[in-house]
Amino acid sequence: QVQLVESGGGLVQAGDSLRLSCTASGRTFSSGAMGWFRQAPGKEREFVAVINWSGDKTYYGPSVKGRFTASRDNAKNTMYLQMNSLKPEDTAVYYCVADIYVLRWPPLRADYAYWGQGTQVTVSS
């Protein structure tokens with residue numbers, strides 16, 4: 001089992017920046033992708049970003065591309081999501097995910113076997 005714990009959420013104003021962190025523990029995996037989904041009230045869960053193990057491949061959802069950046073520090077089993085130019089529509093619960101097999105790129109939602117509990121991000125206008 002892999003446990004994922006998110007941190008860094010909070011309340012910010014439109015235009016501000018925020019950095020989310022996700023730390024993995026439990027079963028170690030030497031190669032795997034980590035990513036983020038988000039879910040706003042009354043909306044379906046939406047893909048945000050994913051990064052591969054080495055950090056040289058990333059993929060972003062269209063609504064965040066150019067504003068959000070994923071990175072990771074494998075020595076700390078942690079990945080990050082730097083969110084810039086935040087908008088009120090970025091308000092959501094952000095979930096960290098892990099795909100330990102990476103059978104395809106980018107992974108499908110069903111490929112993410114592990115999910116964190118989520119961290120709330122609220123952007124006021």
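Cut-offs and rules
- Here the residue numbering is sequential within each chain, running from 1 through the sequence in written order.
- Per-residue local features of the predicted model are confined to residues with pLDDT of at least 70, and side-chain atom pairs are confined, for both listing and counting, to 80 or more; whole-chain, interface and lining totals are unaffected and use all residues.
- Working from all heavy atoms in the structure, the side-chain values ignore hydrogens and water.
- The set of buried Ala, Val, Leu, Ile, Met, Phe, Trp, Tyr and Cys residues whose side-chain atoms join them within 4.5 Å is what this entry labels a nonpolar core.
- Exposure classes here rest on a 1.4 Å probe applied to the protein chains alone. A residue is buried below 20% of its type maximum, exposed above 50%, and partly exposed in between.
- A run of DSSP states H or I qualifies as a helix once it reaches four residues; a run of E qualifies as a strand once it reaches two. Both are numbered from the N-terminal end.

Undergrad: Would you mind going over the nonpolar core with me for this structure?
TA: Most often, soluble globular proteins have nonpolar side chains that are buried together. Judged by nonpolar contacts, the single largest core of 29 residues is most densely connected at Leu4, Trp36, Leu81, Met83 and Tyr94. Residue assignment for this core shows that the elements contributing at least two residues are β1 (2-7), β3 (18-26), β4 (33-39), β5 (46-51), β7 (68-73), β8 (78-83), β9 (92-99) and β11 (119-124). Listed in part, the five residues of the second largest apolar core include Ala33, Val50, Val97 and Tyr112.

Undergrad: Would you take a moment to explain unusual backbone geometry for this structure?
TA: Glycine aside, negative phi is the norm for most residues, and most peptide bonds take the trans geometry. Across the junction of Trp105 and Pro106, the peptide omega takes the value -5°, indicating a cis bond. Tracing the sequence through the fold places Pro106 in the loop between β9 and β10 (114-115). Not every positive phi belongs to a glycine, and Asn77 is a case in point at roughly 50°. Positionally, Asn77 belongs in the loop between β7 and β8. Taking the relative accessible area as the measure of exposure, Asn77 reaches 36% and is therefore partly exposed. Residues other than glycine seldom take positive phi values, yet Val102 does so here, at roughly 50°. Counting through the fold element by element, Val102 comes out in the loop between β9 and β10. Judged by relative accessible area, which is 28%, Val102 ranks as partly exposed.

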